[in-house]
Amino acid sequence: MLSSLEGKFPPAILALADGSYFLGQSIGATGTTTGEVVFNTSMTGYQEILTDPSYRQQIVTLTYPHIGNVGVNDEDVESSKVQAAGLIIKDLPLLVSNFRAQRSLSDYLKAENTVAIAGIDTRKLTRILRTKGAQNGAIVGLPAGEQPTPARIDEALAAARNAPSMVGLDLAKVVSTQRPYDWNQTEWSIEGGFGTQDKPRFKVIAYDFGVKKNILRMLAARGCAVTVVPAQTPASEVLARKPDGVFLSNGPGDPEPCDYAIAAARELIDSGTPVFGICLGHQIMALACGAKTYKMKFGHHGANHPVKDLQDGRVSITSQNHGFAVDEKTLPANVRATHVSLFDGTLQGLAYVDKPAFCFQGHPEALPGPHDVGYLFDRFMEKMAAAPAK
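Parameters and conventions
Residues numbered from 1 in each chain as written. Predicted model: local features only at pLDDT ≥ 70, side-chain atom pairs only at ≥ 80, totals over all residues. Heavy atoms only, no water. Helix = DSSP H or I, 4+ residues; strand = E, 2+ residues; numbered from the N terminus. Buried < 20%, exposed > 50% of the residue type's maximum accessible area, 1.4 Å probe, protein only. Contact = heavy atoms within 4.5 Å. Pairing = 2+ DSSP bridges. Axes fitted to C-alpha atoms, helices over the stretch in contact; angles between N-to-C directions. Salt bridge = Lys/Arg side-chain N within 4 Å of Asp/Glu carboxyl O. Polar contact = N/O pair within 3.5 Å; in protein donor to acceptor, adjacent residues only side chain to side chain. Disulfide = S-S within 2.5 Å. Parallel < 35°, antiparallel > 145°, perpendicular 65-115°, else oblique. Nonpolar A, V, L, I, M, F, W, Y, C, P; charged D, E, K, R; others polar. Left-handed = near helix turned anticlockwise from the far one by under 90°. Core = buried A, V, L, I, M, F, W, Y, C linked by side-chain atoms within 4.5 Å.

**Concerning the overall build of the chain**
Okay, step 1: Along its length, the chain carries 10 helices and 19 strands.
Okay, step 2: Considered along the principal axes of its C-alpha atoms, the chain spans approximately 70 × 45 × 40 Å.
Okay, step 3: Buried residues in the chain amount to 57% of all 390 residues.
Okay, step 4: A separation threshold of at least 6 residues defines the contact pool for the chain, and within that pool the share at least 24 residues apart is 76%.

**Examining the sheet that holds strand β12 (residues 224-230)**
Okay, step 1: The strand order across the open sheet formed by 10 strands is β8-β12-β11-β13-β14-β19-β18-β17-β15-β16, and the pairing between neighbours is mixed. Looking along the sheet, the strands with just one partner apiece sit at the ends: β8 (181-183) and β16 (315-326). The sheet shows a mean angle of 25° between the axes of neighbouring strands, direction not considered.
Okay, step 2: As judged from the four bridges shared by strand β11 (residues 202-208) and strand β13 (residues 245-248), these two strands associate in the parallel manner.

**So, the pattern of salt bridges**
Okay, step 1: For the structure shown, the criterion picks out 11 salt bridges.
Okay, step 2: Where E75 meets R100, a salt bridge forms, and the shortest distance between an N and an O atom there is 2.9 Å. Here the residue E75 occupies a position in the loop between β4 (58-62) and β5 (86-88), and R100 occupies one in the loop between β5 and α2 (105-111), the gap between them amounting to 25 residues.

**Section: the side chain of N40**
Okay, step 1: Summarising the element assignment, N40 is placed in strand β3 (residues 31-40).
Okay, step 2: A polar contact is formed between the side chain of N40 and the side chain of Y55, at a distance of 2.6 Å.
Okay, step 3: The residues contacting N40, other than those within four sequence positions of it, are I49, Y55, V60, T61, L62, T63, H301 and G302.

**Focus on unusual backbone geometry**
Okay, step 1: Even without being a glycine, Q57 presents a positive backbone phi close to 65°.
Okay, step 2: You can see Q57 is positioned in the loop between α1 (46-50) and β4.
Okay, step 3: A residue is classified by how much of its surface remains accessible, and Q57, at 24% relative accessible area, is partly exposed.
Okay, step 4: Unusually for a residue other than glycine, N113 sits at a positive phi of about 55°.
Okay, step 5: Along the chain, the position of N113 falls in the loop between α2 and β6 (116-118).
Okay, step 6: Residue class for N113 comes out exposed when judged on its relative accessible area of 59%.

**Here's the deal with the state of the cysteines**
Okay, step 1: Taken as a whole and assessed by the stated rule, the structure comprises zero disulfides.
Okay, step 2: No disulfide involves C289; its nearest neighbouring cysteine sulfur is the one of C359, lying 8.3 Å away.
Okay, step 3: Of the residues examined, C289 reaches a relative accessible area of 17% and is grouped as buried.

**Quick word on the packing of helix α8 (residues 259-270) against helix α9 (residues 280-288)**
Okay, step 1: Close contact between α8 and α9 brings their axes to 8 Å; oriented N to C, the two are set at 75°. Classified by the angle their axes make, α8 and α9 are roughly perpendicular. Note on element contacts: α9 touches α8 through I284, M285, L287 and A288, opposite A261, I262, A265, R266 and I269.
Okay, step 2: Taken together, the residues of the contact of α8 with α9 sort by class into eight nonpolar, no polar and one charged.

**So, the packing of helix α6 (residues 213-221) against helix α10 (residues 375-386)**
Okay, step 1: Relative orientation of the contacting elements α6 and α10 amounts to 50°, with a least axis distance of 10 Å. Judged by the angle between their axes, α6 and α10 are oblique. For the pair α6 and α10, the crossing hand works out as right-handed. In contact with I215, M218 and L219 of α6, α10 contributes F377, F380 and M381.
Okay, step 2: A class-by-class count of the residues in the contact of α6 with α10 yields six nonpolar, no polar and no charged.

**As for the nonpolar core**
Okay, step 1: Y207, F209 and Y352 are the most contacted members of the largest nonpolar core, which totals 36 residues.
Okay, step 2: At the level of elements, β11, α7 (235-240), β13, α8, α9, β17 (335-341), β18 (347-352) and β19 (357-360) are the ones that each hand at least two residues to this core.
Okay, step 3: At seven residues, α8 tops the list of elements feeding residues into this core.
Okay, step 4: With sequence-adjacent residues up to four places away left out, Y352 is seen in contact with I269, M285, A288, C289, N334, V335 and A357.
Okay, step 5: One finds F202, C224, A351 and F360 within the second-largest nonpolar core, a separate group that totals 28 residues.

Now the structure itself:
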């Protein structure tokens, strides 16, 4: 942490399940939090990252050193609250400087009861995670006046080791909405803020496995009247609404335990209704066709990931946030790979050859981040336009 901030924040402890620990300053709530520690290479968008439901039960390490310089505002949130289990950064800047800022990052974390630590060597932590893989950890934000004693460090290490594994964890139904709701808000602009879609062309049902608000805005901006439904909604209920298309959202956790979503996706795809999936939705669509998923070593988290479109060779820079991937070797004959990561060759997209259904592993809406693969939303519109009238 910047030397001028020393003494302004109480101590904090970060402990990892492998026995490593770091001492820093508590810049959020007092208390203990546990989760899977991952690193994100994005240079901007800490508020969107914190509120992305895909980060549920994960402690996010931001590798960019200066976090908090533009403060926080009420518009740049991707859900109703902070979803990440905790935050790890190197430097918390002295000043907040942005015309849209309403409060500081530290004040926001405290208001959201989010435990966070600053002042640690995030480069060292990232090397540990890259070498050993993502692992469970704990952050302990100590009260003012308390010191990180050996006993407190041992407690933090024990909390890290006792945290549940992400493998086998169904978090989609935990973060999902409990009841359907309609959405017509479109994307933000500096001239007029958010817009409204009042002349929709398509009726889309969006499954909420942890959906980000801006994904819904991009659907609405392209002419969709969107109805968001809970993760466990049966396909029969969705088909009874006679949608032009169905969207399967991003979300946290292991896709394999989401048997309700896999069954619904299979039925929706078989019906011939256009289906578009992102992130967890992509993995669920793969499982629906009989493919397999697996836990990655440290996953993909960042806004600088190059992905190749296998159809035309186009390379796009993408926003990514996932710890599980689809095993391309297990795809059936009626499903083809459409995109691959140029970082590690992992599958990034697939499409059914006999149905109007396709999906992408990254976050094509990318707020914040690159907009290179926004064309996938346009492809979804084209498939709905080409479908037989209902």
